[in-house]
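Now for the letters of each chain:
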Amino acid sequence: MAILYFGGCTPTADHPEASKKLAAYIKKKFQVDPVGCCRSNHPKLTPEDTAIVVCNNCANIIDESGKADHIDFVWEIIDNDPDFVFPDYHGEKMTLQDCWMAVEKRHIQDAIRSLLKKMNIDVVELEENYEKTRYCGMNLAAPCSESNAKLAPKRYVQQYPHMFQPIPKEERPAHFKKYCEQFTTDKVVCYCRSCRNGLLMGGKQALHLLELLFPND
């Protein structure tokens, strides 16, 4: 049995310093380094292995195309770690945006809320949260990518093709600005790059959960 850590290409690109700190944390805890992109490295998994992931799409790809015995999200690992030192945000109100790519994963949604509470963040819930969320930002504003369709066809092609509603690029700023009118806080927490990019386009201060857990020194 082996543990393979998929740090996520997009979180690593968008949040390099936080991703380095997360990788160091995983290294210390499990003695493993990131293995690289899930799209090319999921075949390394065997039926006895555990995959550790950050990205919701990585989890979906590994679930369908990999052979891992188990998939662990870093959010649950940190939430269950009694020795993790959480930063303190002093009761600041932040809205939480759930991601459609993890819509059925209540255990992940609960872990994320637990983490926010441990960071002393006052979470503002949206009406469309948990299993009701239909949001995934830029991802659902474009056709499903060929790679995602190939590696996770059950989810993206067979079950939920209707979720992809392409919007012309020139119309996206107005679309996301209208979506963001519902928020009552300037800061919105998300755990997906596509979600974050849509929120940023809509004019919100969108923060990835990684940024909050591993802030700049």
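Just above, that's the structure.
Turning next to the packing of aromatic side chains. Under the defined criterion, the tally for this structure stands at ten aromatic pairs. With a centroid separation of 6.2 Å and an interplanar angle of 50°, the aromatic rings of Trp 100 and Tyr 156 are classed as tilted. With Trp 100 in the loop between strand S4 (92-96) and helix H6 (106-118) and Tyr 156 in helix H8 (residues 153-159), this residue pair connects regions lying 56 residues apart in the sequence. Of the two residues, Trp 100 and Tyr 156, neither departs from the other in class, the shared state being buried. Judged by centre distance (4.4 Å) and plane angle (10°), the rings of Tyr 135 and Tyr 179 are stacked. Residue Tyr 135 is found in the loop between strand S5 (121-124) and helix H7 (146-151), and its partner Tyr 179 is found in helix H9 (residues 172-179); the two are separated by 44 residues along the sequence.

Each pocket or cavity is described by its volume, and for the largest pocket that value is around 400 Å³. Forming the walls of the largest pocket are 24 residues, and the residues nearest its centre are Thr 10, Arg 39, Cys 55, Asn 57 and Met 101. For the lining of the largest pocket, the secondary structure elements donating two or more residues are helix H1 (9-14), helix H3 (38-41), helix H4 (56-65) and helix H10 (193-201). By residue number, the principal contributor to the lining of the largest pocket is H4, which donates four residues.

Moving on, we come to the pattern of salt bridges. When charged atoms on two side chains of opposite charge get close, those side chains can pair. Under the defined criterion, the tally for this structure stands at 14 salt bridges. Its salt-bridge partner being Lys 20, residue Glu 17 comes within 3.7 Å of it at the nearest N-O pair. One end of the pair, Glu 17, and the other, Lys 20, are both in helix H2 (residues 16-30), three residues apart, so they sit about a helical turn from each other. Owing to a relative accessible area of 42%, Glu 17 belongs among the partly exposed residues under this scheme. Residue class for Lys 20 comes out exposed when judged on its relative accessible area of 54%.

Across soluble globular proteins, you tend to see nonpolar side chains buried next to one another. Ranked by size, the top nonpolar core spans 68 residues in total, and within it Leu 22, Trp 75 and Leu 209 carry the most contacts. With sequence-adjacent residues up to four places away left out, Leu 209 is seen in contact with Trp 75, Ile 112, Leu 115, Leu 116, Met 119, Val 189, Cys 190 and Tyr 191.

Right, let's get into the sheet that holds strand S7 (residues 205-208). Spatially, the four strands line up as an open sheet ordered S5-S4-S6-S7, and their pairing is parallel. In this open sheet, the two edge strands, each paired with only one partner strand, are S5 and S7. When the angles between neighbouring strand axes are averaged without regard to direction, this sheet yields 40°. Two strands pair when backbone bridges link them, and S4 and strand S6 (residues 187-190) are joined in this way by two bridges, in the parallel orientation. Residue pairing across strands places Thr 95 opposite Val 188, the latter belonging to S6.

Thresholds applied
- Residues numbered from 1 in each chain as written.
- Predicted model: local features only at pLDDT ≥ 70, side-chain atom pairs only at ≥ 80, totals over all residues.
- Heavy atoms only, no water.
- Phe/Tyr/Trp six-rings, centres within 6.5 Å; stacked < 30°, edge-to-face > 60°.
- Helix = DSSP H or I, 4+ residues; strand = E, 2+ residues; numbered from the N terminus.
- Buried < 20%, exposed > 50% of the residue type's maximum accessible area, 1.4 Å probe, protein only.
- 1 Å grid on protein atoms, 1.4 Å probe; cavity = no way out; pocket = protein on both sides within 12 Å on 5 of 7 lines; lining within 4 Å.
- Points joined across faces, edges and corners; volume = space filled by probe spheres on them.
- Salt bridge = Lys/Arg side-chain N within 4 Å of Asp/Glu carboxyl O.
- Core = buried A, V, L, I, M, F, W, Y, C linked by side-chain atoms within 4.5 Å.
- Contact = heavy atoms within 4.5 Å.
- Pairing = 2+ DSSP bridges.
- Axes fitted to C-alpha atoms, helices over the stretch in contact; angles between N-to-C directions.

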